[in-house]
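Chains, contacts and geometry: an overview
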Amino acid sequence: MNFRAAMALSLALTLALGLPAGIGRAADTAAVPQAPRDGSHDFDFARGVWHTHITRVLDPFDGGTHITTSDGTKTAMPIWGGRGWIEELDVDGQDGHWQGATVFLYNTKSRQWSQSYIDSDTAEVDTPGIGEFKDGRGEFYSTGKYKNRDVLVRGIWSDITPDSHRYEISYSQDGGRTWAAVFKAYLTRLK
């Protein structure tokens, strides 16, 4: 029996027996797709006041040997039932005193977060990063400038526990094939 005859026979049997089309085919035995993941509470771990130890890499594409360190506090609070977060930084270090704020907003349609950082010195909003959490790790991507050159920017939340987490920003100048760390923050919860 050729392929067309086999398909015609299968269809005829399906119709004659009143079975749903496709019964017995391997494709129909696949798992039923699950509902999309609701990530609107991904940042719940960040609530409260944290000590932050920050390392900035001043020459990420030239060896990464010139760094500065600073310490301070990060305070994070939810808005809109957890679908938004406001984070404030107050930091002192080798670069002096600086403050900043980050706004995180969850888009229920795309099921992704946006992250917008504002430095108190310039009051300019960085290009928002867009991303999501998977398996306890958040990855966000945007674009930026480094020495007047366009770069990809990646922010990653990792090592998340109830009392600590890590945040790192990296740049790529080759379309994401390689990444160079420019900012590392190690956070521990203040009791």
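Check the entry above for the structure.
The text that follows walks through the structure, step by step, so that each part is easy to find. Not measured: the values here are computed from a predicted model.

1. Description of the overall build of the chain
The helix and strand tally for the chain stands at 1 helix and 10 strands. Across the chain, helices and strands are ordered from the amino to the carboxyl terminus as α-β-β-β-β-β-β-β-β-β-β. In the chain, which comprises 191 residues, the share counted as buried stands at 34%. Within the chain, residue pairs in contact and separated by at least 24 positions form 37% of the contacts whose partners lie at least 6 positions apart.

2. Comments concerning the pairing of strand β5 (residues 112-119)
In terms of burial, β5 is a largely internal element, 6 of the 8 residues being buried. The sheet contact formed by strand β4 (residues 96-107) and β5 spans 8 bridges and is antiparallel. Looking across to β5, one finds that A101 is bridged to I118. Counted along the chain from β4 to the antiparallel partner β5, the turn is 4 residues long, and its residue R111 has a positive phi close to 60°. Of the strand pairs in this sheet, β5 and strand β6 (residues 129-134) are connected by 3 bridges, and their pairing is antiparallel.

3. Regarding the nonpolar core
Core analysis: the largest hydrophobic core is formed by 27 residues, its most contacted members being F43, W98, W113, W157, I169, Y171 and F183. Mapped onto this core, the elements with two or more residues apiece are β1 (48-57), β3 (84-93), β4, β5, β7 (137-146), β8 (149-161), β9 (164-172) and β10 (180-189).

4. Description of the environment of D150
Within the secondary structure, D150 sits in strand β8. Taking relative accessible area as the criterion, D150 reaches 56% and is therefore assigned exposed. Filtering out sequence-adjacent residues up to four positions away, D150 remains in contact with G144 and K145. At 2.7 Å, the side chain of D150 forms a polar contact with the side chain of K145.

5. Quick notes on the side chain of S70
Summarising the element assignment, S70 is placed in strand β2 (residues 67-79). The contacts of S70, once residues within four sequence positions are left out, are T52, H53, I54, V91, D92, G93 and W98.

6. Overview of a negative patch on the surface
On the surface, D71, E88, D90 and D92 cluster together into a negatively charged patch. Counting residues per element, the negative patch draws most heavily on β3, at 3 residues. When you line up the elements, D90 lands in strand β3.

What counts and what doesn't
- Residues numbered from 1 in each chain as written.
- Predicted model: local features only at pLDDT ≥ 70, side-chain atom pairs only at ≥ 80, totals over all residues.
- Heavy atoms only, no water.
- Helix = DSSP H or I, 4+ residues; strand = E, 2+ residues; numbered from the N terminus.
- Buried < 20%, exposed > 50% of the residue type's maximum accessible area, 1.4 Å probe, protein only.
- Contact = heavy atoms within 4.5 Å.
- Pairing = 2+ DSSP bridges.
- Core = buried A, V, L, I, M, F, W, Y, C linked by side-chain atoms within 4.5 Å.
- Polar contact = N/O pair within 3.5 Å; in protein donor to acceptor, adjacent residues only side chain to side chain.
- Patch = residues over 30% accessible without salt bridge, like charges linked within 9 Å, V, L, I, M, F, W, Y side chains within 5 Å.
- Areas by Shrake-Rupley, 256 points an atom, 1.4 Å probe, with all protein chains shown as cover.
- Salt bridge = Lys/Arg side-chain N within 4 Å of Asp/Glu carboxyl O.
- Lys, Arg positive; Asp, Glu negative; His and termini not counted.
- Charge placed at Lys NZ, Arg CZ, Asp CG, Glu CD.

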